Amino acid sequence: MAPTAEEYFPRGKAKSTQKATSTTTDNKKIDKDEKLFVNIFSEKDGKIIKKKKKSVGKKKVSEKPVLAIKYVPSLNYSQLKEGMVMGAVVSEVSDYNIKVSLPCHLTASLSIANISSIFTDFLRKSTEDIKSEDEDLSDVPSLDQLFKVGQFLVVAISSIKQENNKYEVSVSTDPKLLMATRIPDVGDLCMASVISKEDHGYIMDIGSKTIRGFLPNKAAEKHWTKTICTGSVILCVITKKDGGAVTLKCEPGKVYNNLKSEVNLHNVLPGTVFNAKINTVLDNGLKVQFGKDLSGYVHKDLLPKSLSDYDIDAQINVRLVHVIPTMNTVLLSARDIWPFTNQFSDVKAGSLFENATIAEVNKNDLILTLTNSLRGYVSARHAQTDHNATQPLKERYKIGSTVRARALGLDHFSGQVVCTLHKDKVQGVTKIDHLKIGEKVKAEVKQFKPEGLEVKVGAVTGFIPTLYLSDVPLKHPEKKFLPGDKIDCKVIKVNPERKRLHLTSKPYMVKNEFSIISSIDEAEEGVITEGVVAKISKAGLLINLMGEARGWAPASELSTEPVEFPEKIFWIGQSVKCRVKAVNPEKNSITLSLVINGANTKPSGKKGSLLKLGNFYKAQILKVTTKGLDVEVNENGVSIGCRIPVYHLSDNLSLASNILECYKEGDDIEALCFVHEVIPILTLKPSICQAAKSSNCVHSWESISVGSILPAVVKSTAKIGIFMNLPIWESVRCFVPIRHVSNFYVDSIQDIIEEGQTLMVKVLEKSESGKKEILGTTNVEEVNVNSSDSTVEMVQNLLGDFHFLRSHSSGKLAKLTIGDKITAKVKELTDMGAILEAGGLMALAPASNLGSEKPVPGNKISVIVLFIDYQMGVLEVSCDQSFVKKHTETKDETLEVDMSVKGDIILSRTQHNLQIVSVTEPTKFAGCLVYISDIGHMNDFLGDTDMDASEKSIDVQIKALTEKGEVIGVNKANVKDNNKKRSRTTSKSEGERKEKRRRTDSITSNADSKKENLPDIKQPKSLLKLFGQETKPDNKASVKVKTEPKKKKDRAVVVPEVTDTKMEVEEATVKPEEAMPDNVEKISDPGWDFSLTGVTLPAWGKVSIWGDEEESDLDEDSDKNDKEKKHISKKEAKRLRREEEKAAEMQEDKIIQGANAPPQTEQEFEKLVASSPNSSLVWIQFMAHYLQSCQYDQARAVAKRAVDRINFREENERLNIYLAWLNLENAYGTQESLDTVLRDAVQRNDEYKVYSQMADIFNKSSKFLEAEKIYKTLAKKFCKVKEVWIRYGLFYFTNSRMEEGRFVFTRALQNLEAREAADISAKFAQIEFKYGDTERGKTMYEKLVSSYPRRVDIWSSYADQLTRIGDVTATRALYTRISTLGLQAKKMKPLFAKWLEFETSYGTDEQQGEVRSAALKYLNSKTSEEPADAQS
């Protein structure tokens, strides 16, 4: 039974047993509370109007009640409180926000995050790509699919912000807020949110923890929108209630017109319809009576007809809008809300009404007639023409007069336009959408920002980007544009939805009239327009047009002459006149040309044409830059400026930058005129210069024929191929398609070819039309006619570059050559080799070149120079005394051409494609040095350095002797097969390469020592673990060897750690909390992201950096005691216990006194790093100290100090610093600073580790394009490492790029050795089960078990994957197949145990009995075979 009206709205009367309608009750006293209540809406506040005595015989209608109310109460922003529930109408829908109209001309915003908590969680999962089995995140609907302008909503006030008398109201439609205190019954409205989609309907959240709603599919089909997704909010009516579940329907016609007879204001939602009787006609609305003696008010703005059309006691349907709790006042509406209508289709905010007629003049507002069917509302504040006017509205305005009004907003709730009469709003620009692209405006400067200039155009704020400020670059634009200045501008971009207005103040664009192209639809071929250069590359210019339109001007369209260096002519922000050359609507691209009417926009010089292509000229260096040499050539008395790019200094690009440093301003050189660009391009490349001098090489278009082979220089690279410059002294274009680049699949050309690289090109096609174009190939199989001669020429050019560097060196480096015998002093001996000092120069000897007798630090020994790094001033030497002796004895011996010898590779430099071989046979020449190349041709992009680690010598054939006596040979293996792919070749010596190659060895063990060789992938991040993340901070041990006793013999089982292979086995994982000792003080996290470095904060408990000396002493003492005494007496045990207790007390006293307190200041950190200079953990914590206060430069300085301070033997510690530094630059630095640190890290650390960690850093920071580049580099450099391909494929699968991941698997099979095919296939099958298609994973496993039926680990892994996905039937069938394999008992035993464990978890007792029966059957078959074997 519903409560009476007095319980909801007490009128101050004493409770009586009589009915509320009785008018005969004696009411002489009025409570004090009533006095305050009854006159809220009376014009005479605070005064009680006394009731006059009735005159007998007069009509009842003439009586004036005591509580007479003349006006319908209104609602303002100050009355709004958080949690209020009211009706609202959608007025505008954008991408991430919805504007709604509230009652009484109020507005609010509904954010996409406030629709419902379920929808917010759905959005988060879709952005983070977290997908469960029963969710489809592929299509997240846009807000315009879920909401429609004119739609009625029920909202709750979620927040109110006030600033400078302006209110910002946010609302929510979350059922948890709307239905929190309501217990809906059958027939009530409720707001529901979709939890999930089931077979027969939708599970709905109605805001209750104990009651769930269900919306059948048939009912959902009648909803106004067909887009119902997880989290969608729907206004429903309850049709059935059964315990903890209610059945809903959402048909709009029934929901929005649902008539409720019994009224309970505690449960009903706004939007509920009641039948009411008009009680009183007020000045601005109606007072009605509904339910059981409940009263409400309907404002005239919410009536469908005029106020005069309503009579007292007439019946009317009203809709609940809001209950004002402070007044116990019910606001109602009589307007229809279904179907949804947008009555403002022809009007928008900012529209100007020239002749608006005043229809009503009230005390606090004006009502205007804008059109025949449209009314306008003007508040008292906006009715004044200026801000200082105070004249009453009734004195200032007369009904029927006309005014100019501008629309401020659209009130969809009342159907009125909110207007203003202010002069500054009516005149000038007030809305962004009033402006058009290309329109000239006057702007006032507000302030200058680094990104551009903020200006004011009327009442609208605009922005002028830096590119559009002036026709010429300004060093100090803030001095030219001062606040308050008036400047002429032109509109270039308007976006009303985002409220963005972009202008230009370039005089060239503002003053000149030109065709406006703001979209691809407005672009037509031949149209001439203006644009601004936004980006410059050698391929062309990216030009910004008006609006969002952009165009691309290729390099061929920049001038009538070829332009090789556009950055020399154009600059960012330059205004250019351009012509539309082509439009492609499908690709949304516009091609532009700066060549207009046969002439380009920038005249080019003609001096360069005086130099003839193919001729050598003497030039003088004017300037040395990082990009090359600016030189000057005097020809016939004319000074011609030319350029030699850095890559034209040598054929060996790895030495080009070193050679560049040898040149100085004023030096004279002789160079070949190679290409005519805007300025002539000269070259010093030996291959091009020799081809120019050779008569065998073609140099003219006529002499070129299909099949001709000639050297070329890479001009630029593209996705489709490479463009080459040929030594043909005419304007000839050469293009090599990507399919003809190499003899193997090329995914990205930039990964194997760089600009300026020298390659041999074979002509495949020659254009017969007017254009001189050549289609060529750089495939090594096509151009490698004589591999031996090509190899010899490469080595000769390289040695020539070494001689050039030596001739331009100073000091002792200029006197040393490779092969010299010198005396050096041993300074230090490390695991990597030895550090020596030779006459003031640092020398390094790798471990492979130390010899059988390792040198003793402090001794002076004779060494042989193997390599000279002229840039760093470091030597690489050999300390092997047997080699030194042999080399000294055979120094005068001369090898002959075509002689075959055997030798050991004692030096390898893959960046230079150089190897040095020490001859071992014939013994007459033992110790002689031979230079060979590790590739068979300059077009060989992979080379052949993947030799077996056990191979001690190679066969070499002598091919040439240089003038300086150097011997050049070729590897016979390269001559036979020069297309063999290589694995990791980045180590500096053969010994180092053998050491690094050990990480590619497979993990082997017996079946009885490991249940499964390939562990199941339980977490995707397990394959992407960072180095040392689960290990001790020192990270010195990378492989643990455990010896397990066997019956026949002992075998070493290699257990990989995270540091080495990055493969995480679940059984071996240790939680950081478990690894932390209880007695070690935990240190608070300073905010540093340790997950992207090689150290973890919880691991500090293993090595205490606050008291490391004391703790290490205790550890050493305990270790010694353990070693000395394994069995101790009771007396000795008591003594040791007392010592331990005493040591613990001393440690506690230190902690109490602050001796071991963590450092807090910079001085304390300096003391700490001074005491522990080799601890990466200390340095990283020091960096984190600066990061807390955003002092990034100081953190970088600490990182630089750390890498220089840490002992070079502590490789892992130095690597940890670099990883932390890379993490810092990735988070807070620029791309340039990150690249610089990465290059340094690669040079000073294991290249494989650095790239692997960099890929993890990019992946974790959601920089997927950069991560993909790193993985491609890893795949190129370490194509023989299995873990690289696993990481690469897992990267694609975890980012939902399945096809690319499967292609990586194909490439892995092509590059890895055949013995690793099974392991890599099993791993990718696991990945398919986890992230891809389970059926494809099953197919892969079926192929594996059929090809390797005796591989127990593959069978076990297959069963684990089937069990994980819950396919019990398939798993049971697989175990049945396994039981019939007939393998050895020691292999079958763990499989049967695993099957029994599976049936224990998923099967019945009967099925467990089947396992035992199968095992017994296997044993019987084996026992029956043994006698047969004995008899035979």
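First, a word on what this report is: a plain description of the structure on this page. Small disclaimer: the values here were computed from a predicted structure and weren't measured. (Residues numbered from 1 in each chain as written. Predicted model: local features only at pLDDT ≥ 70, side-chain atom pairs only at ≥ 80, totals over all residues. Heavy atoms only, no water.)

### Things to note about the environment of Val186
We count it as follows: Only DSSP runs of H or I covering at least 4 residues are called helices, and only runs of E covering at least 2 are called strands; the numbering of each starts at the N terminus. The criterion used for residue contact is that any of the two residues' heavy atoms lie within 4.5 Å.
Relative to the helices and strands, Val186 resides in the loop between α5 (175-178) and β6 (189-197). Remark: the alpha-carbon pair of Val186 and Lys241, spanning 55 residues in sequence, is separated by 6.5 Å. For Val186, the residues in contact, after removing those within four places along its chain, are Ile238, Thr239, Lys240, Lys241 and Lys260.

### With respect to the packing of aromatic side chains
In plain terms, the rule: Whether two aromatic rings pair depends on their centres lying within 6.5 Å, for rings of Phe, Tyr and Trp, where Trp uses its six-membered ring; planes under 30 degrees apart make the pair stacked, over 60 edge-to-face, and the rest tilted. A simple rule labels every residue: compare its accessible area, found with a 1.4 Å probe on the protein chains alone, to the largest value its type can have, and call it buried under 20%, exposed over 50%, or partly exposed in between. Consider the ring centre and the ring normal. A charge sits over the ring if Lys NZ or Arg CZ is within 6 Å of that centre and within 35 degrees of that normal.
Tallied over the full model, the rule gives 27 aromatic pairs. Taking the centre distance of 5.1 Å and the plane angle of 5 degrees together, the rings of Phe1165 and Phe1182 count as stacked. Of this pair, Phe1165 sits in helix α24 (residues 1162-1171) while Phe1182 sits in helix α25 (residues 1176-1188), and the two are 17 residues apart along the sequence. Assigned by exposure class, Phe1165 and Phe1182 land together as buried. Clustering of aromatic rings is evident, with ring pairs tying together Tyr1375, Phe1392, Trp1395, Phe1398, Tyr1402 and Tyr1418. Here the basic side chain of Lys305 rests over the ring of Tyr310, its NZ or CZ set 5.2 Å away from the ring centre. The residue whose ring lies beneath Lys693 is Phe616, and the NZ or CZ to ring-centre distance is 5.2 Å.

### Some points on the pattern of salt bridges
We apply this condition: In the sections that follow, a salt bridge refers to a side-chain nitrogen of Lys or Arg positioned within 4 Å of a carboxyl oxygen of Asp or Glu.
This model, assessed by the stated rule, comprises 41 salt bridges. In this structure, Glu513 engages Lys440 in a salt bridge whose closest nitrogen and oxygen atoms are separated by 3.2 Å. Separated by 73 residues along the polypeptide, Glu513 in the loop between α12 (507-511) and β26 (528-537) and Lys440 in strand β21 (residues 440-449) bring together distant segments of the chain. Residues Arg1377 and Glu1342 are paired through a salt bridge, measuring 3.0 Å at the closest nitrogen-oxygen approach. Residue Arg1377 is located in helix α36 (residues 1368-1378), and its partner Glu1342 is located in helix α34 (residues 1334-1347); the two are separated by 35 residues in the primary sequence. Judged by its relative accessible area of 35%, Arg1377 is partly exposed. For Glu1342, a relative accessible area of 29% translates into the label partly exposed. The network of salt bridges with shared partners includes Asp747, Glu1268, Lys1272, Arg1297 and Glu1300.

### Here we look at helix α29 (residues 1247-1260)
The cut-off we apply is this: In this scheme, a helix's expected span is set at 1.5 Å multiplied by one less than its residue total. In the analysis that follows, any N or O atom pair within 3.5 Å is treated as a polar contact, provided that within protein one partner can donate a hydrogen and the other can accept it, and provided that, for residues neighboring in sequence, both atoms belong to side chains.
Relative to the 20 Å expected for 14 residues at 1.5 Å per residue, α29 spans 20 Å between its end C-alpha atoms, a close match to the ideal helical length. Among the 14 residues of α29, 13 are classified as buried, and the element is accordingly described as predominantly covered. A distance of 3.1 Å separates the backbone nitrogen of Tyr1248 from a side-chain oxygen at the start of α29, and that oxygen is part of Asp1246. Of the residues one or two after α29, Ser1262 is the one with positive phi, at around 65 degrees.

### Some points on the sheet that holds strand β38 (residues 709-717)
Quick note on the threshold: Paired strands, as defined in this entry, are two strands with at least two bridges between them according to DSSP. Axis definition: a line fit to C-alpha positions, over the contact stretch in the case of helices; interaxial angles, taken between N-to-C directions, run 0 to 180 degrees.
A barrel is described by the order of its strands in space; here 5 strands give the closed sequence β38-β39-β40-β42-β41, paired in mixed fashion. Across the sheet, the mean angle from the axis of one strand to that of its neighbour is 55 degrees, orientation sign disregarded. Looking at chain direction, β38 and strand β41 (residues 758-766) are connected through 5 bridges and run antiparallel. Residue pairing across strands places Val713 opposite Thr758, the latter belonging to β41. Strands in contact with helix α14 (residues 686-693) are β38 and β41; relative to β38, the strand with the most contacts, it is inclined by about 135 degrees.

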